[in-house]
Structure formats: C-alpha cells, structure tokens
Amino acid sequence: MERIDRERLHTDLDYRFEYVSRFVGFTEADRDLISKSAPVVAELVPAIVDAVYEKIHNYDVTWASLAQDRERHAGWSSRKEEDVTMGSEVIVFRKTILAKYLKRLVTSKWDSALIAYLDWVGHVHTSTPTKRSNANVEYIHCVAMLGYLSGAVVEMLQTAGNWDQALRDATVNAYVKFFWIQNDLFARYYVKDRVLSEDEKVAVAREELAKEADVRRGMQHRTLVTAMLGTAAGIVIGSAVCRRIFHI
C-alpha cells in the first residue's frame with residue numbers, strides 16, 4: 001500500500017496532480033495522446049468553444065455568471081445579462097480564453113508550468129481571498145460546464161478525421177481522465193477540507209475582521225437611529241403633555 005501525505009496534497013500542487021493522475025490512471029501515454037491530438041483538436045476548437053457558450057447561454061444562471069464584465073472592457077456599460085449577446089466584447093473575450101486553454105492543453109509540455117496554469121484555470125473562477133479579480137462562479141456551474149466541455153470534446157473527436165479506431169478510443173479515454181483531473185483543480189478551491197496557506201489564512205482573517213467591523217458599524221448606526229427616534233418621540237410626547245397641562 002502506497003502512503004500518501006494528506007497535508008502535502010493540499011500544499012504541493014505537483015504532488016496533488018500526480019496523485020490524482022495515478023489514481024485515475026492518467027499516464028504518460030495519455031499525455032502523449034493528448035499532445036499528438038493537436039492537429040485534430042486545433043481544427044475543432046472554434047466549434048467546441050461555440051458549443052460550450054451556446055450551452056451556457058441556455059440557462060440564465062450560467063449566463064449571468066459569465067456575462068458580467070469583471071475585467072472592465074473599454075466601452076462596456078451594460079450590467080444586465082439579458083443585454084449581453086454572443087457578440088458582446090465580454091463574451092468574445094471569454095470565448096478567446098477558452099480557445100487558448102484548449103490550444104495550450106495540446107501544445108504545452110506536461111510540466112509544472114502547465115500544472116500551475118491548469119490550477120489557475122480553477123482558481124480564477126472563485127472568490128478566494130488571495131485572488132485579485134472579483135469573478136465568483138458557483139461550483140455547480142463549473143462542474144456542469146466541465147462535464148459539457150468534456151462531452152463536446154469527446155463527441156467531436158469521435159467524428160473527426162480518419163483515425164485508427166484503437167487510437168481514437170485511447171485518445172478519447174485520455175481526455176475523459178484529464179477532465180476529471182481538471183475538475184479536481186476547481187474543487188480544491190471550493191471544498192472546505194482544503195488546508196489554507198499562511199497568506200490565505202491572513203487574508204481570511206482580514207476578511208472576517210472587515211465583516212465584523214461592518215456589523216459593528218451597522219449596529220452603531222441602528223443604535224444611533226433608535227436613540228434619535230426615541231429623543232424625537234420624547235419631545236413630541238412632552239410637547240403634547242405640556243399643551244394639555246397648560247392648555248396651550
């Protein structure tokens with residue numbers, strides 16, 4: 001039985017990636033198959049991206065998550081997702097990011113740099129304290145999107161070109177395993193059993209202090225308003241009593 005360092009799974013990205021890869025059987029051969037599929041996938045990328053965003057557009061909750069202009073594009077003014085179309089700059093930008101992701105997957109060397117990039121893909125969708133952008137896509141939508149993306153890639157690979165059937169099946173299997181690993185690199189920023197880094201602990205502590213300060217300010221404001229209302233009521237009642245006593 002192989003012993004796994006549980007804490008290291010949450011603190012060492014490469015170690016985590018290799019553990020999950022071994023568990024699902026994502027081998028060097030699978031990585032090679034994905035890299036060798038580059039000529040086929042390159043032609044399929046526009047269709048895959050369009051299919052994914054058409055699916056996202058089918059549901060208001062997913063469209064709302066991606067329709068917000070979190071990068072503040074020049075000339076962008078609308079904040080209503082119903083006003084956003086496939087041709088809107090913010091959606092064109094996100095489609096470009098997805099296209100670059102698919103291309104990088106099949107053209108990059110499988111090393112620490114690629115693993116860090118795949119981890120960034122998961123991280124960038126969350127609102128964790130150490131991230132600069134304010135994007136925050138709920139995990140349920142991330143899982144749904146990854147599942148659909150995986151299915152779209154598999155379906156298009158199965159119908160593309162004149163492949164040897166055994167090679168096609170092996171490549172499809174490699175992609176299926178890969179997307180489960182990518183899902184884990186999303187999940188690590190959502191599940192609560194993740195061990196926070198020291199920087200994250202500091203950021204979380206600051207966030208909690210800020211929330212407490214907001215609560216205290218709110219309570220002080222309510223107390224002040226209550227006191228002012230009480231004073232005003234006292235004045236009104238006192239004035240009425242005086243008028244009755246002195247027949248004013």
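Provided above is the structure to which this section pertains.
Presented here is an overview of the structure given in this document. Since this is a predicted model, take the numbers as computed values, not measurements.

On to a nonpolar patch on the surface. Residues Phe23, Val24, Val176 and Trp180 make up a contiguous nonpolar surface patch of about 430 Å² in total accessible area. Of all the secondary structure elements, the ones that give two or more residues to the nonpolar patch are helix H2 (13–24) and helix H9 (165–187). Assignment of secondary structure puts phenylalanine 23 in helix H2.

This part covers helix H3 (residues 28–36). Within H3, the full set of buried residues consists of Asp30, Arg31, Leu33 and Ile34. The buried residues of H3 occupy an angular sector of 160° when the element is viewed end-on, so they sit on one face. Facing away from the buried surface of H3 by more than 90 degrees, the exposed residues are Glu28 and Lys36. Those residues of H3 that are buried are in contact with H2, helix H4 (38–57), helix H6 (89–107) and H9.

Position of valine 41 relative to the elements: it lies in helix H4. Along the chain, valine 41 and methionine 156 lie 115 residues apart, while their C-alpha atoms are 8.8 Å from each other. Every residue in contact with valine 41, bar those within four places of it in the chain, is listed here: Val106, Leu157 and Tyr175.

We now examine the packing of aromatic side chains. What characterises a pair of aromatic rings is the spacing of the ring centres plus the angle enclosed by the ring planes. Using the criterion set out here, one finds eight aromatic pairs in the structure. When the ring of phenylalanine 26 is compared with that of tryptophan 110, the centres are 5.5 Å apart and the planes differ by 65°; the resulting orientation is edge-to-face. Of this pair, phenylalanine 26 sits in the loop between H2 and H3 while tryptophan 110 sits in the loop between H6 and helix H7 (112–123), and the two are 84 residues apart along the sequence. Of the two residues examined, phenylalanine 26 and tryptophan 110, each falls in the buried class. Arranged with centres 6.0 Å apart and planes meeting at 75°, the rings of tryptophan 110 and phenylalanine 178 form a pair that is edge-to-face. Highlighted residues: tryptophan 110 in the loop between H6 and H7 and phenylalanine 178 in helix H9, separated in sequence by 68 residues. Neither residue differs from the other here; tryptophan 110 and phenylalanine 178 are each classed as buried. Among the aromatic residues, those joined into a cluster by ring pairs are Phe26, Trp110, Phe178 and Phe179.

Once that is clear, we can look at the side chain of aspartate 119. Note on placement: aspartate 119 falls in helix H7. A polar contact of 2.7 Å, which involves the side chain of aspartate 119, links it to the side chain of arginine 188. Leave out the neighbours within four places in its chain, and aspartate 119 touches Leu13, Leu185, Arg188 and Tyr189.

This part takes up the pattern of salt bridges. For the structure shown, the criterion picks out eight salt bridges. As a salt-bridge pair, arginine 22 and glutamate 2 come within 2.7 Å of each other at their nearest N and O atoms. A residue pair is termed long-range when its members are at least 10 positions apart, and arginine 22 in helix H2 and glutamate 2 in the segment before helix H1 (6–11) qualify at 20 residues. A relative accessible area of 45% places arginine 22 in the partly exposed class. A salt bridge links arginine 31 to glutamate 18; the nearest nitrogen and oxygen atoms lie 3.3 Å apart. With arginine 31 in helix H3 and glutamate 18 in helix H2, the pair connects residues that are 13 residues apart, well separated along the chain. Taking relative accessible area as the criterion, arginine 31 reaches 5% and is therefore assigned buried.

This paragraph deals with the environment of alanine 29. Within the fold, alanine 29 resides in helix H3. Note: C-alpha distance between alanine 29 and alanine 170 (141 residues apart in sequence) is 9.4 Å.

Here we take up the packing of H3 against H9. In the contact formed by H3 and H9, the axes pass within 9 Å of each other and the chain directions differ by 105°. Here H9 runs roughly perpendicular to H3, going by the angle between their axes. Contacts between H3 and H9 involve Asp30, Leu33 and Ile34 on the former and, on the latter, Leu167, Ala170, Thr171, Ala174, Tyr175, Lys177 and Phe178.

Parameters at a glance
- Residues numbered from 1 in each chain as written.
- Predicted model: local features only at pLDDT ≥ 70, side-chain atom pairs only at ≥ 80, totals over all residues.
- Heavy atoms only, no water.
- Patch = residues over 30% accessible without salt bridge, like charges linked within 9 Å, V, L, I, M, F, W, Y side chains within 5 Å.
- Areas by Shrake-Rupley, 256 points an atom, 1.4 Å probe, with all protein chains shown as cover.
- Salt bridge = Lys/Arg side-chain N within 4 Å of Asp/Glu carboxyl O.
- Helix = DSSP H or I, 4+ residues; strand = E, 2+ residues; numbered from the N terminus.
- Buried < 20%, exposed > 50% of the residue type's maximum accessible area, 1.4 Å probe, protein only.
- Arc of directions from axis to C-beta.
- Contact = heavy atoms within 4.5 Å.
- Phe/Tyr/Trp six-rings, centres within 6.5 Å; stacked < 30°, edge-to-face > 60°.
- Polar contact = N/O pair within 3.5 Å; in protein donor to acceptor, adjacent residues only side chain to side chain.
- Axes fitted to C-alpha atoms, helices over the stretch in contact; angles between N-to-C directions.
- Parallel < 35°, antiparallel > 145°, perpendicular 65-115°, else oblique.

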